[in-house]
Amino acid sequence: MVPEAISPKPLLILLVEDNPDHTELIRRNLENHQRTIRLCHVSDGEEALNYLFRRQGYADAARSPRPHLVLLDLRLPKIDGLEVLRQIKTSEELLRIPVVVLSTSNAEPDILRAYRHYANSYLVKPIDPAQFRELISTIYSYWMRWNNCPWCLRPHGSENLQSA
Amino acid sequence: MDGDTQATERIETPGAHQDRWQTLQPPHLARQCFQKLSDEEFTRSLTQFPLESPNPILRLSREGAVLFANPASQKSFPEWEISPGCIVPDPLRTWVDVAFLALETCPYEIEWKGRWYQWFFVPFSEAGYVNAYGFDVTEQKNAQRTHQESLAELERKNTELELFVYVVSHDLKTPLITIRGFLDHLEHDAAEGRLDRIADDIARIRKAARKMQLLLDDILQLSRIGRVANSPEMVPMGELVQEAIELATGPIERSKAQVSVANDLPLLWGDRQRLLEVFQNLIDNAAKFTGEQPDPQIEIGVCDGSPEGGGCICYVRDNGIGINPRYHGRVFELFEKLEPKSDGAGVGLALVKRIIEWHGGRVWVESEGRGTGSTFYFFLPPKKEEKEDNPHLPERSATNRPCSARCPSAPGFAQMETAPFSAKREETNHGS
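Residues numbered from 1 in each chain as written. Chains lettered and ligands numbered in written order. Predicted model: local features only at pLDDT ≥ 70, side-chain atom pairs only at ≥ 80, totals over all residues. Heavy atoms only, no water.

Visitor: Sorry if this is basic, but what is going on with the overall build of chain A here?
Guide: The secondary structure content of chain A amounts to 7 helices and 5 strands. Helices and strands in chain A line up, N terminus first, as α-β-α-β-α-β-α-β-α-β-α-α. Relative to its 164 residues, chain A shows a buried fraction of 55%. Contacts in chain A between residues far apart in sequence, at least 24 positions, make up 65% of those at least 6 positions apart. By element, 51% of the accessible surface of chain A is carried by carbon and sulfur atoms, the whole surface being about 7,800 Å². (Helix = DSSP H or I, 4+ residues; strand = E, 2+ residues; numbered from the N terminus. Buried < 20%, exposed > 50% of the residue type's maximum accessible area, 1.4 Å probe, protein only. Contact = heavy atoms within 4.5 Å. Areas by Shrake-Rupley, 256 points an atom, 1.4 Å probe, with all protein chains shown as cover.)

Right, here's the structure in full:
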């Protein structure tokens, strides 16, 4: 992959997921893209907000760079995903970060609430492992390869790089 | 005679001929029904008509002074000591003002000595008085309350059911994704000979399957509260605690916690099986969250001194990870987990809360925050006495104080001599 080789810094995904097994499944499905992306994992809503608002252990901006994508589970310990989403989307500093909700719930109220708080996308974790793999690789190609993120507006976009 | 019979029939079935009855009822026709009475007697019977009403009827001056009161009003509100010229107490006094201001018939409700009355205030502003018609609506009120209570209960059940559906869609799906996902990886890892990952894959699958089983058990247990009730009995708390410790042996041994139980534990009143589940879950919880504590301790006992009105406050204390005060409310909610890494479905403490509340008690937690340990308390009320005062009978309200102020020079009172209170007392005796 040409653009991956050129890309100077790996793109950062902040994964907010309380289930260690699901975290591992997502991590393994992204293993092939290790050189282009970096996965930063936090396991509850409070830690996610600490990271994003650079509080407590994340006060050093160098240690908590802005993610290019937040993958957010909804049902989280301490502070739930919806509240994390609300705080991101009401913060002048953070609201431009794409937030993709990745939840097991396909309940209508969850979906509606997530969009009401300006989620960029709502994805339901598939039970079927082949579909799960496909979903993760689609997230990668859409959000990390094609999507232009506010922090990484590479000059002339990725088409140029690809055709080069 | 013919006309007589027809009129009588109409009186007996006014509902069926409502429209006709009203149109056919000029005074002379109504008079026909009472032919046995002399004119004088008939007129008097009409003036006495409100006196015979089983409902309280008052005529009040602008100032709220009683111009007329029927025996039923004195019987219903003896504490008001209604007599000519006395000022009615609030809130009736206020309603008189409102009726004159609004100049329309307004119904009001008042609770008096456990009975509900609806009052209609009909103002006659030129004459300077208001007629107040009271109706005893206690039965309707009670029916309404029962109805509302069962509606609330239904709504609560419905919410709970929705939560259960949510659990199926989320909490059972979560381990299922893990199992199927890692089975898939297991297959690949085995094919590629990646032996290092196989053990990890299997462990994750096993753990997820176990979690599904735990969740199913918890859901079943939860659904039994209130549905499967064993009759309450006096249970020695010491016995319950010992049994609960045995049931929680696994988690206690894993945590290497020291469990100490206070001496002289009291008798508790409740459903034995459910109370055992309370202790088991609390001990389980204490053993699970010992954190980094090198010397984990669990202490079980009761608070000194019994609370007002009897009952008993029990506690299960640990010196484990503690709980941030911010989350003290959330720990008892269904499917809430503060520690993502803990196994269990977040049902245990919700179960404790429901069981205790089902017993009429209360549960709470005290903890200074992380690393300070936590103490779970619950209050269990004493054994209920068989014969209890009706809890629906409220205390006499302070606003409905008996009328004491007298107004001897109530305007228009002189004309009301035809409805004397002494005469009405006789009526009361006949009526009752």
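Visitor: Hey, could you run me through helix α4 (residues 81-89) of chain A in this one?
Guide: Residues that lie three or four places apart on an α-helix share one face, since the helix turns once every 3.6 residues. Residues and elements named next belong to chain A. Among the residues making up α4, those that are buried are G81, L82, V84, L85, I88 and K89. Each buried residue of α4 sits inside an arc of 160 degrees when the element is viewed along its axis, so together they form one side. The inward-facing, buried residues of α4 abut α3 (45-52), β3 (69-72), β4 (99-103) and α5 (108-116). (Arc of directions from axis to C-beta.)

Visitor: Sorry, what's going on with the packing of aromatic side chains here?
Guide: For any two aromatic rings, the description comes down to two numbers: the centre-to-centre distance and the angle of the planes. Residue and element names in this part refer to chain B. Summed over all chains, the structure comprises 14 aromatic pairs over all chains. With centroids separated by 5.4 Å and ring planes inclined at 45 degrees, the aromatic side chains of F124 and Y129 adopt a geometry described as tilted. Under the relative-accessibility criterion, Y129 is labelled buried at 19%. Over the face of the ring belonging to W116 we find K141, whose NZ or CZ atom lies 4.4 Å from the ring centre. Between R317 and the ring centre of Y315, over which it is positioned, the NZ or CZ distance is 4.5 Å. (Phe/Tyr/Trp six-rings, centres within 6.5 Å; stacked < 30°, edge-to-face > 60°. Lys NZ or Arg CZ within 6 Å of the ring centre and 35° of its normal.)

Visitor: Looking at this model, I keep getting lost on the interface of chain B and chain A. Mind explaining?
Guide: By a widespread convention, an interface's size corresponds to the accessible area lost as its parts come together. Between chain B and chain A, the residue contacts involve 29 residues of the former and 30 residues of the latter. Roughly 2,700 Å² is buried in total at the junction of chain B and chain A, and carbon and sulfur atoms are behind 49% of that figure. Applying the counting rule to chain B against chain A returns 8 salt bridges. The shortest N-O distance in the salt bridge between R204(B) and D21(A) comes to 2.9 Å. For the interface between chain B and chain A, the tally reads 12 residue pairs in polar contact (both at pLDDT 80 or more). Those elements giving two or more residues to the side of chain B that touches chain A turn out to be α8 (138-170), α9 (173-192) and α10 (195-224) of chain B. The residue inventory of the side of chain B that touches chain A, partitioned by class, reads 8 nonpolar, 7 polar and 14 charged. (Buried area = accessible area lost by both parts, 1.4 Å probe. Salt bridge = Lys/Arg side-chain N within 4 Å of Asp/Glu carboxyl O. Polar contact = N/O pair within 3.5 Å; in protein donor to acceptor, adjacent residues only side chain to side chain. Nonpolar A, V, L, I, M, F, W, Y, C, P; charged D, E, K, R; others polar.)

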